[in-house]
Amino acid sequence: MSWFFGELQSNISSGRIKHLSSIHSTPLHTIATDNFYFATGGINETCFCDSMNEKKENGFCVVGVGLKRNEIDCIVLSQSDWKNILASEKRAELLQQLDEHFAIVVWNGNAIECFTDQMGLRTIYFSKSENGIVFSTRLDWIAQAGENNEIDFAAFGSRWLTFNQCSFKSLVHGIERLGPNGVAHINARSVTMRSKLWSPTFSKITIEEFLANLCAFLNPKNDFGLSLSFGLSGGTDSRFLLSLLMHKGLHNFSLHTFGRPQHPDVSIAKRIAETVHIPHTLFDEPFPEIDTCIAMIKDFQAHTCSMEPASKIMITRYYNDIHVQRKIIIDGGYVEIIRRQLYNRLLLKGKGILKKKLLYATPLHTRSLIPFVMVHKPDIFLKECASVMFAGAESDF
């Protein structure tokens with residue numbers, strides 16, 4: 001995953017720059033001025049950095065992917081597209097019209113402005129250092145850059161105990177986190193930020209309009225020379241999306257599946273690919289050596305902060321192989337919005353509590369609803385710590 005990391009001071013020393021550069025991984029771009037150090041890395045297609053002048057006192061960096069909807073397809077934003085948007089006086093408004101996941105930093109002399117996507121899929125962290133402000137897309141690097149490295153177990157509570165974290169708090173004391181549709185302003189002494197929760201528009205649309213919108217995002221155009229690889233798991237969701245691709249006559253794509261050939265879903269995916277005569281790649285490699293697995297898990301958890309099981313790295317490790325093949329991955333990853341598993345739990349299991357609240361106007365105690373949104377994980381925390389986590393989850397919920 002592409003990243004950035006930097007610090008703004010009134011006057012940054014060479015020793016400090018040396019220390020900061022020892023924290024992050026190998027960058028694609030670095031910038032160092034009298035008051036500013038910045039590094040960014042990842043892959044070229046999701047890491048865009050542009051200095052506006054020779055002294056590098058002005059510039060921008062975008063990590064992630066931006067999609068702009070057209071009538072029948074969508075465009076994956078290139079560096080020139082990002083440059084045009086961020087040069088506009090209405091850039092905050094224009095960014096709200098984009099889909100996908102991205103984090104942005106724009107610097108201009110002694111000031112920095114940061115933005116996140118409207119869903120908050122990418123985030124930015126901020127922390128005060130001895131002489132300035134450190135910022136990054138990586139929480140672990142921020143913690144190493146300063147003295148703030150104590151876990152906030154109350155904030156961690158809902159992230160560990162429930163479906164997902166019910167707040168946009170940082171998981172480390174003394175470090176702030178920018179939420180969805182966020183804007184932050186940084187100078188050498190302080191950070192001010194605001195964010196806005198995403199909520200859907202409930203305007204009535206026809207099924208035809210819904211399908212047209214979905215098909216547009218299944219047909220991304222790009223300037224990177226990348227072809228499309230669709231993730232076919234064999235489940236209902238991926239089969240539905242594949243039928244849309246074929247119904248619209250889109251044949252310039254291949255298929256990929258992760259897993260053992262003996263798995264029922266993999267077997268179904270293979271049979272579908274053979275039936276529709278679309279090139280299909282099955283990724284099924286042996287586990288790496290133990291040391292390699294541990295290194296991969298550490299890096300994965302640094303990006304996800306325990307939101308996903310560490311074992312998921314056994315799937316995401318194939319992403320690099322697909323990128324080497326010069327392909328964009330399309331996957332139906334957010335089907336929970338349609339399944340509504342979380343809301344169904346509340347509706348079905350918590351029906352009595354909710355009904356009592358509505359009928360008799362009784363106080364709604366979140367503690368009574370928490371069990372219906374909990375995800376059971378190993379009990380590895382001390383009793384005192386677990387109590388703090390549960391109270392934090394209750395408060396956030």
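What comes next concerns the included structure. If you're wondering where the values come from, they're calculated on a predicted model, not measured in any experiment.

Scoring rules and cut-offs
Residues numbered from 1 in each chain as written. Predicted model: local features only at pLDDT ≥ 70, side-chain atom pairs only at ≥ 80, totals over all residues. Heavy atoms only, no water. Phe/Tyr/Trp six-rings, centres within 6.5 Å; stacked < 30°, edge-to-face > 60°. Helix = DSSP H or I, 4+ residues; strand = E, 2+ residues; numbered from the N terminus. Buried < 20%, exposed > 50% of the residue type's maximum accessible area, 1.4 Å probe, protein only. Core = buried A, V, L, I, M, F, W, Y, C linked by side-chain atoms within 4.5 Å. Contact = heavy atoms within 4.5 Å. Salt bridge = Lys/Arg side-chain N within 4 Å of Asp/Glu carboxyl O. Pairing = 2+ DSSP bridges. Axes fitted to C-alpha atoms, helices over the stretch in contact; angles between N-to-C directions.

## A word on the packing of aromatic side chains
Then, in step 1: Taken as a whole, this structure holds 19 aromatic pairs when the rule is applied.
Then, in step 2: Ring geometry for Phe283 against Tyr318: centres 5.4 Å apart, planes inclined by 35°, an arrangement best described as tilted. Pair noted here: Phe283 is in strand E18 (residues 280-283) and Tyr318 is in the loop between helix H10 (313-316) and helix H11 (319-324), with a separation of 35 residues, a long-range link.
Then, in step 3: Tyr318 gets classed as buried once you look at its relative accessible area, which sits at 4%.
Then, in step 4: Members of the aromatic cluster, joined through ring pairs, are Phe4, Phe36, Phe38, Trp107 and Phe135.

## Here we look at the nonpolar core
Then, in step 1: Counting residues in hydrophobic clusters, the biggest one holds 28 residues, and the most contacted among them are Phe5, Leu139 and Ile175.
Then, in step 2: Elements represented by at least two residues in this core include exactly strand E1 (3-9), helix H1 (14-21), strand E3 (36-41), helix H4 (139-145), helix H5 (153-161) and helix H16 (383-396).
Then, in step 3: Contact partners of Leu139, with chain neighbours within four places excluded, come to Tyr125, Ser170, Leu171, Val172, Ile175 and Cys305.
Then, in step 4: Residues Ile31, Trp107, Cys114 and Leu178 belong to the second largest nonpolar core, which totals 22 residues.

## Brief notes about the pattern of salt bridges
Side-chain pairs of opposite charge can arise whenever the charged atoms involved come near each other.
Then, in step 1: A complete count under the given rule lists 9 salt bridges for this structure.
Then, in step 2: In this structure, the salt-bridge partner of Glu7 is Arg16, at a minimum N-O distance of 2.7 Å.
Then, in step 3: Bridged by salt links that share partners, the residues Arg138, Asp140 and Asp299 form one connected network.

## Section: the sheet that holds strand E8 (residues 102-108)
Then, in step 1: As summarised here, the arrangement of the 6 strands in space is E4-E5-E8-E9-E13-E14, forming an open sheet in which the pairing is antiparallel. Two strands bound the open sheet, and with one partner strand each, they are strand E4 (47-51) and strand E14 (191-194). When strand polarity is set aside, the average angle formed by the axes of neighbouring strands in this sheet is 10°.
Then, in step 2: By the bridge criterion, 4 bridges tie strand E9 (residues 111-116) to strand E13 (residues 183-186) in an arrangement that is antiparallel. Bridging across to E13, Glu113 finds its partner in His185.

## Looking at the sheet that holds strand E16 (residues 227-231)
Then, in step 1: Within the open sheet, the 4 strands sit side by side as E18-E17-E16-E19. Their pairing is parallel. This sheet does not close on itself; its edge strands, each paired only once, are E18 and strand E19 (327-330). Between one strand axis and the next, the sheet turns by 30° as a mean value, whatever way the strands run.
Then, in step 2: Taken together, the 4 bridges between E16 and E19 define a ladder with parallel strand orientation. Bridge pairing in E19 places Ser229 opposite Ile329.
Then, in step 3: Relative to the sheet, helix H7 (residues 236-247) contacts E16 and strand E17 (253-258), its axis offset from that of E16 by approximately 145°.

Purely geometric stuff here, so don't read any function into it on its own.
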